[in-house]
Structure formats: structure tokens, C-alpha cells
Amino acid sequence: MNHDELEDVLRSVGGRLRALRQQRGATLDAISERTGISASTLSRLESGQRKYTLDLLLPLSEAYGLPLDELVGAPPGGDPRIHLRPVAVSGQDQMVLPLVRHYGGPHAHKHVLPTGATTASGHGLHAHRGHSWVYVLHGRLRVTAGTRQVVLAAGEATEFDTRKPHALGNAGEQPVEFLSLFGAQGERMRVVTSWEESPAENHAE
């Protein structure tokens, strides 16, 4: 890694840490409890106001279940392949597979929740800034957001504002698999509902 690449990595670490915490629905206090790092130090790390050292990054790597190179976004060392690894979410019985490596813009993940599992923490429903969209691949998923609740079957989707207290739970008798898109800044999906025929495909009768 050359000097410019190192500088790029260091500039992006704070944003990656904030995005990871938000997509896990965790507070600074919750991450502080898991790592032993004070909430104020975590806040300064996320804003880039604190120097990143191994004694701070290693506990965060363990808390998020990510190798250190993935936590900081280090470029691959000569291997062009992308190695996406499932992550067990701490405090929850779910496996999460990140589908993209970037941390700017919406995040895409595949989730697997076993029977009876939920994303709710011991404190119940959680809320944070952002917007989420989920699509069920297999099984049945219960989505609770605010005062509303819906059960989705395979092939069905819904979206919700994550500022509302929310949780996702397995509503069936087998593991549920689903995809999620999460926009930390409140980004929403834009669905194209109309198509225009291109000139090349406009065949004369």
C-alpha cells in the first residue's frame, strides 16, 4: 500500500465505523459496553477527530465480527477477487452477509434468521436514522416498525423509516432468508414503473 492509498484508507475509517454501527442498529453506549472504549472516544473515532490505533481498532474488529482489514477498508493485497464473509451479529442469532464492500450510500446485505429469532435486542425495538427496504427470499419474516406490523412471505417486500422503533423476526417454522437495503442518510429506493421502447427495438409491423 503506497502513501496515497494509506491516506485514503485512514480518511474513510471514521465513516466506515459509523456506518457499521448504524447498520447494526447499535448505539455508541452499546459498542462502548462491548469494547471497553468510552462512548466519547468512539464518537471522536467516527468523526475522524481521534487517531486510529490497534488498541482501539482490535476491540472494534471483534465487536463487529470483521477482520481488521475489512473493518478499516484496506485494499486487497494482490488478490482481485472479492471475499465476502458471513458475520454473526453480536447479541442476535442471525447471520449477515454483506453484498457490497463500500460504505458510502445504501448498504446491501443478505440475512438468515433461524426459527424464533429476532433482531430486537435485550432492550426491545431499536431506532436510528435511515431508511430500510427488505425482500424475503425464503420463509416468513415479521417486520415491526412503530405501531405497524406485517408478515412477509417469499417474494414479498416492504420498506420503513428506521427512525421508528423496529425489529425483524422469524414468523415461520424454518429459517427465513431475506435481502436488505439500508440507507443511513435516509436514501430510498426509486422504482421504475414505466419503460420506453428504444429506437433499435421499435420494429415495424
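Above this text is the structure in question.
Rules used throughout
Residues numbered from 1 in each chain as written. Predicted model: local features only at pLDDT ≥ 70, side-chain atom pairs only at ≥ 80, totals over all residues. Heavy atoms only, no water. Pairing = 2+ DSSP bridges. Helix = DSSP H or I, 4+ residues; strand = E, 2+ residues; numbered from the N terminus. Axes fitted to C-alpha atoms, helices over the stretch in contact; angles between N-to-C directions. Contact = heavy atoms within 4.5 Å.

### Overview of the sheet that holds strand β5 (residues 141–145)
- Pairing is antiparallel across the open sheet formed by 3 strands, whose spatial order is β6-β5-β8. Bordering the open sheet on either side are β6 (148–152) and β8 (166–170), each of which pairs with just one other strand. Between one strand axis and the next, the sheet turns by 15° as a mean value, whatever way the strands run.
- Note: β5 against β8, 5 bridges, orientation antiparallel. Residue pairing across strands places T144 opposite A167, the latter belonging to β8.

### Remarks on the environment of G183
- Inspection of the secondary structure puts G183 in strand β9 (residues 176–183).
- Sequence-wise, G183 and R129 are 54 residues apart; in three dimensions their C-alpha atoms are separated by 8.8 Å.
- Leave out the neighbours within four places in its chain, and G183 touches P106, G130 and H131.

Just distances and angles here, no functional claims.
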